[in-house]
Amino acid sequence: MSVELPLRCRCGYVHGVASEIAPSAGFRFVCYCKDCQAFAHFLERPDVLDAAGGTDIFQLPTGRVKLTTGRTAVRCLHLSSKVFRWYTDCCRTPIGNTAGPRFPVVGLIHSFMSHEADGQSRDEVLGPPLCRIFERSAVGPLPRNAAPPPSLSIFAFRASRLLAWSLRGLGRPTPFFDDFTKAPLSAPRVLTFRERERWQSTVLKRRRQEAE
Ligand SMILES: [Zn+2]
Ligand SMILES: [Zn+2]
């Protein structure tokens, strides 16, 4: 059974909806990479990260996500040119990550999901995370109930899902890029080398503090 998942930034200016949501209709994982952590720190939203610095992400076809209000407040950040990191300017809520106009997938970040509406927990709606990645960059001990490290079968499963989405054309229309010109909804802000160093060193500092 699939549901409509309401999407909402913290202040409520930006709203959206993700449709046909079910554990089998996406791929949930926790990412401990430095860039995901730097993104949360850049937004001054370390609360989005778990105690070990992980970001809870649900990948789904981009065509199933719609932004219904507040599109003008949506912004984009490049920590690397490959990943478009979307957030809201009104209250600095992380929305999710995409890989470009042609890649049919968005990794929605839990901070933009609104479960209160139907009283269902994230686990009930999305299923538990299937794996964790980049745990070497974790800033603390992983929680006891952490998702398992990725296995070959999990990678194969994800690859087959992505291929199916791509073949079925589920990546479009995307709310993040213009369908015709392929231009991003908001021009990506590219951090200077120094800014990037600063946010990444915030992550390292936090890791050192946790280790003490
Ligand atoms: Zn907001
Ligand atoms: Zn990451």
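Criteria and thresholds
Residues numbered from 1 in each chain as written. Chains lettered and ligands numbered in written order. Predicted model: local features only at pLDDT ≥ 70, side-chain atom pairs only at ≥ 80, totals over all residues. Heavy atoms only, no water. Helix = DSSP H or I, 4+ residues; strand = E, 2+ residues; numbered from the N terminus. Rg over C-alpha atoms; globule rule 2.2 N^0.38 Å. Buried < 20%, exposed > 50% of the residue type's maximum accessible area, 1.4 Å probe, protein only. Contact = heavy atoms within 4.5 Å. Areas by Shrake-Rupley, 256 points an atom, 1.4 Å probe, with all protein chains shown as cover. Lys, Arg positive; Asp, Glu negative; His and termini not counted. Charge placed at Lys NZ, Arg CZ, Asp CG, Glu CD. 1 Å grid on protein atoms, 1.4 Å probe; cavity = no way out; pocket = protein on both sides within 12 Å on 5 of 7 lines; lining within 4 Å. Points joined across faces, edges and corners; volume = space filled by probe spheres on them. Pairing = 2+ DSSP bridges. Axes fitted to C-alpha atoms, helices over the stretch in contact; angles between N-to-C directions.

Q: Lay out the overall build of the chain with the relevant residues and their values.
A: Within the chain, the regular secondary structure consists of four helices and eleven strands. By the compact-globule yardstick of 17 Å for 212 residues, the chain fits well, its C-alpha radius of gyration being 17 Å. Oriented by its inertia axes, the alpha-carbon framework of the chain measures out at about 50 × 35 × 35 Å. Counting all 212 residues of the chain, 49% fall into the buried class. Relative to all contacts within the chain whose residues are 6 or more apart in sequence, the contacts with residues 24 or more apart total 68%. Within the structure as shown, the chain displays about 10,800 Å² of accessible surface, and the carbon and sulfur contribution to it stands at 55%. Counting 30 positive and 19 negative side-chain charges, the chain places the centres of these two groups 6 Å from one another.

Q: Lay out empty space enclosed by the protein with the relevant residues and their values.
A: Taken as a whole and judged by the stated rule, the model has two cavities of 30 Å³ or more. If you add up the space inside the largest cavity, you get close to 40 Å³. In terms of lining, the largest cavity is formed by C36, F39, A40, V48, L49, T55, R85, P94, N97 and I109. Those elements giving two or more residues to the lining of the largest cavity turn out to be α1 (34-42) and β8 (94-98). The leading source of residues in the lining of the largest cavity is α1, at three residues.

Q: I'd like to hear about the sheet that holds strand β1 (residues 3-8), residue by residue, with values.
A: Taken in spatial order, the three strands make up an open sheet running β1-β2-β5, and their pairing is antiparallel. A strand with exactly one partner marks an edge of an open sheet, and here the two such strands are β1 and β5 (65-69). Within this sheet the neighbouring strands show an average axis-to-axis angle of 25°, counted without direction. Where β1 and strand β2 (residues 15-21) come together, five bridges link them in antiparallel fashion. Bridging across to β2, V3 finds its partner in I21.

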